Amino acid sequence: MIRITQRQAILALLVLLNITTAAIDVVLGLRNGWQEPLLMGSILLVLIGISVAYWRGIEWSRWLMVGFVTIICAVFVDKTQPVSLMTLIPPLMALIMGSSTAVIISAVVGYGGILVRSNFDGVYAAVDNLVAYGLIVAAMVLIRTINETNLLALRETISKSDGEQRRIKAQSTLMRNQADALLKQNQEQQRLFTLVETLETPAVTIAANVLLAPLVGALDTKRIEQIQKRLLATIHRQRTRLLILDMAGVRELANDAAEKVLVMIQAIRLLGCEVTVTSASAEIAMQFGDLGVDRELFKTAQTPQIALEQSVYSLSKH
């Protein structure tokens, strides 16, 4: 299947028109002398000029070509001879170069010019010729209208496709940006968790054989196991007798984490170290109560200072 664009078709038509005009000019020159060839030569020069203008990219020159050929047809077609096929050249050129409206205008002007010159008499004014010419022009208009409709539908389809592609691209960009933001957020959270684990102090010596272990943030079983490991090592190394476990910074404590805290306290007690829990919230106190904690397992105090004072008082009394 041969594929050809409208511009290529117009250029081919212009070349064919110029060659045909030049051939007619030569034939007339050999047959009738040089008077008519000079006129045809002038017409040929105008046709060549318009063709070169269109070839160089001047789009409006095609409309000039249709108008020029239509005027030539209206002025120079012999009105006394039978209906010439030349009357179809203007609407045919408009069919290829212009639009359905241009087809109608070129047909009316070209054929109408001949009717005016013949005073609406003769073969061109015959009803059968008028009807036949009208049917041919109507067929050209329908063909051009169908092509324009298909072209418009194709452009709308392309426009919708481009819009859909832009929408998909925008959604893809948005999802990629959201994924990047979520990845950065996760990386930042992981960095903060790592920083907390690195900087978290398991125990601080606040008095002789007394350690303060402040618990901060959300406690899960993994963190409690890490804290337990560090606390046991520190208590064993420093021979600690009292650990103050301050829970003022604990935001939440799941049930399994609460059980782990009790297991940690029991392990600390096995090292001979007493445990005092301070600053526990009402929710945490309720959790320990629901677990049925032995009251002898650890002591409680409102603040680490009170726990320390109780410890000093107990030691001085002893």
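Structure: see above.
Residues numbered from 1 in each chain as written. Predicted model: local features only at pLDDT ≥ 70, side-chain atom pairs only at ≥ 80, totals over all residues. Heavy atoms only, no water.

A. Fine view of the sheet that holds strand β1 (residues 204–207). Spatially, β1-β2-β3-β4-β5 is the arrangement adopted by the five strands of the open sheet, whose pairing is mixed. Each of the sheet's edge strands pairs with one partner strand only, and the pair in question is β1 and β5 (299–301). Taking each pair of neighbouring strands and ignoring which way they run, the sheet shows an average axis angle of 30°. The pairing of strand β4 (residues 274–278) with β5 spans three bridges and is parallel. Looking at the pairing, T276 lines up with K299 of β5. On the sheet, helix α7 (residues 221–238) packs against β1, β2 (210–219) and β3 (242–253) and is oriented at approximately 175° with respect to β2. (Pairing = 2+ DSSP bridges. Helix = DSSP H or I, 4+ residues; strand = E, 2+ residues; numbered from the N terminus. Axes fitted to C-alpha atoms, helices over the stretch in contact; angles between N-to-C directions. Contact = heavy atoms within 4.5 Å.)

B. The side chain of R144, seen in detail. Mapping R144 onto the fold places it in helix α6 (residues 127–199). On the accessibility criterion, R144 (13% relative accessible area) is buried. Those residues in contact with R144 that sit more than four places away from it in its chain are Q6, L95, I96, G98, S99 and S100. (Buried < 20%, exposed > 50% of the residue type's maximum accessible area, 1.4 Å probe, protein only.)

C. Here's a closer look at the pairing of β1. Bridge count between β1 and β2: three bridges; the pairing is antiparallel. Each residue of the ladder has a partner; that of T205, found in β2, is L211. A loop of two residues connects β1 with β2, the two strands running antiparallel in sequence, and N209 in this loop sits at a positive phi of about 60°.

D. Examining the packing of aromatic side chains more closely. With the rule as written, the count across this model stands at three aromatic pairs. For the ring pair Y111 and Y124, a centre distance of 5.6 Å and an interplane angle of 65° mean the geometry is edge-to-face. Here Y111 is found in helix α5 (residues 100–117), whereas its partner Y124 is found in the loop between α5 and α6, with 13 residues between them in sequence. By the burial criterion, Y111 is buried, and Y124 matches it. With centroids separated by 6.0 Å and ring planes inclined at 65°, the aromatic side chains of F288 and F298 adopt a geometry described as edge-to-face. With F288 in helix α9 (residues 282–290) and F298 in the loop between α9 and β5, the pair connects residues that are ten residues apart, well separated along the chain. Put simply, the rings of Y111, Y124 and Y133 touch in pairs and so form one group of aromatic residues. (Phe/Tyr/Trp six-rings, centres within 6.5 Å; stacked < 30°, edge-to-face > 60°.)

E. Quick peek at unusual backbone geometry. With phi around 55°, R239 is a residue other than glycine that occupies positive phi space. For R239, a relative accessible area of 58% gives the class exposed.

F. Representation of the environment of V312. Along the polypeptide, V312 turns up in helix α10 (residues 304–317). According to the relative accessible area criterion, V312 is partly exposed, its value standing at 47%. On a C-alpha basis, the gap between V312 and V210 in space is 9.9 Å, while along the polypeptide they are 102 residues apart.

G. Local environment of the pattern of salt bridges. Inspection of the entire model under this criterion finds six salt bridges. The partner of R144 in a salt bridge is E148, with the nearest N and O atoms 3.3 Å apart. Of the two residues, R144 and E148 both sit in helix α6, four residues apart, roughly one turn of that helix. Residue classification places E148 among the partly exposed residues on the basis of a relative accessible area of 28%. R269 is the partner of E274 in a salt bridge, and the nearest nitrogen-oxygen pair spans 3.9 Å. According to the relative accessible area criterion, E274 is partly exposed, its value standing at 37%. Overlapping salt bridges, with partners in common, bring together R7, E59 and R62 in one network. (Salt bridge = Lys/Arg side-chain N within 4 Å of Asp/Glu carboxyl O.)

Worth remembering: the numbers are spatial, not functional.
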